[in-house]
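Descriptive structure summary
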Amino acid sequence: MPETYLCANCRATITREFGVRSVIRTCEECDRNGRFLHTSLVDSLESIPDSDRPDEWETMPLDERFTDALKRGLIQLTR
C-alpha cells in the first residue's frame, strides 16, 4: 500500500511503497534537500493545541516542529 510523505519545507507530497517515519531527498517542488515526514507524523503535529506551540510554530519547517514537539513530550513515536 502506498504511503504519503510531506516535504518539511514546502509540504509537497511524494508516495512510496514502504512505511517509515521519514525520507530524506531533494524536493522536486522547492528544490531543497531535506526530510519528508510521513503523514501520520504531520497529523500528530497538527493535533497539538495552540497553547502548547511556541510562538514561531507557524514559521518552523515540519521537521523542526516534529523535533521540538518530541523533545517537549507533546507527541510520542508509535511507528
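The structure under discussion appears in the preceding block.
None of the values given here were measured: they were computed from a predicted structure.

Cut-offs and rules
Residues numbered from 1 in each chain as written. Predicted model: local features only at pLDDT ≥ 70, side-chain atom pairs only at ≥ 80, totals over all residues. Heavy atoms only, no water. Helix = DSSP H or I, 4+ residues; strand = E, 2+ residues; numbered from the N terminus. Contact = heavy atoms within 4.5 Å. Polar contact = N/O pair within 3.5 Å; in protein donor to acceptor, adjacent residues only side chain to side chain. Core = buried A, V, L, I, M, F, W, Y, C linked by side-chain atoms within 4.5 Å. Buried < 20%, exposed > 50% of the residue type's maximum accessible area, 1.4 Å probe, protein only. Pairing = 2+ DSSP bridges. Axes fitted to C-alpha atoms, helices over the stretch in contact; angles between N-to-C directions.

The subject of this paragraph is the environment of Ser-22. Within the secondary structure, Ser-22 is located in strand E3 (residues 22-26). With sequence-adjacent residues up to four places away left out, Ser-22 is seen in contact with Tyr-5, Arg-35, Phe-36 and Leu-37. Here Arg-35 takes part through its side chain, which lies 3.1 Å from a polar atom of the side chain of Ser-22.

Turning our attention to the side chain of His-38. By secondary structure assignment, the location of His-38 is in strand E4 (residues 33-38). Within polar-contact distance, the side chain of His-38 engages the side chain of Glu-3 at 2.6 Å.

Next up on the list: the nonpolar core. Within the largest apolar cluster, 13 residues are counted, with the highest numbers of intra-cluster contacts made by Leu-37, Leu-45, Ile-48, Leu-62, Phe-66 and Ile-75. Among the elements of the structure, helix H1 (39-46) and helix H2 (62-71) are those that each provide at least two residues to this core. Excluding residues within four positions of it along the chain, Leu-62 makes contact with Leu-6, Cys-7, Ala-8, Arg-11, Leu-37, Val-42 and Leu-45. By size, the runner-up hydrophobic cluster in this structure holds seven residues, among which are Ala-12, Ile-14, Val-23 and Cys-27.

All right, on to the sheet that holds strand E2 (residues 13-16) then. One open sheet accounts for four strands, arranged E2-E1-E4-E3; its pairing is antiparallel. In this open sheet, the two strands that pair with only one neighbour each are E2 and E3. For this sheet the average axis-to-axis angle between neighbouring strands, irrespective of direction, equals 35°. Taken together, the five bridges between E3 and E4 define a ladder with antiparallel strand orientation. Across the sheet, Val-23 pairs through a bridge with Phe-36, a residue of E4. Contacts from H1 reach strand E1 (3-7) and E4, with the element oriented near 80° to E4. Set on the sheet, H2 makes contact with E1 and E4; between it and E4 the angle comes to about 60°.

That's the geometry; what it means functionally is another story.
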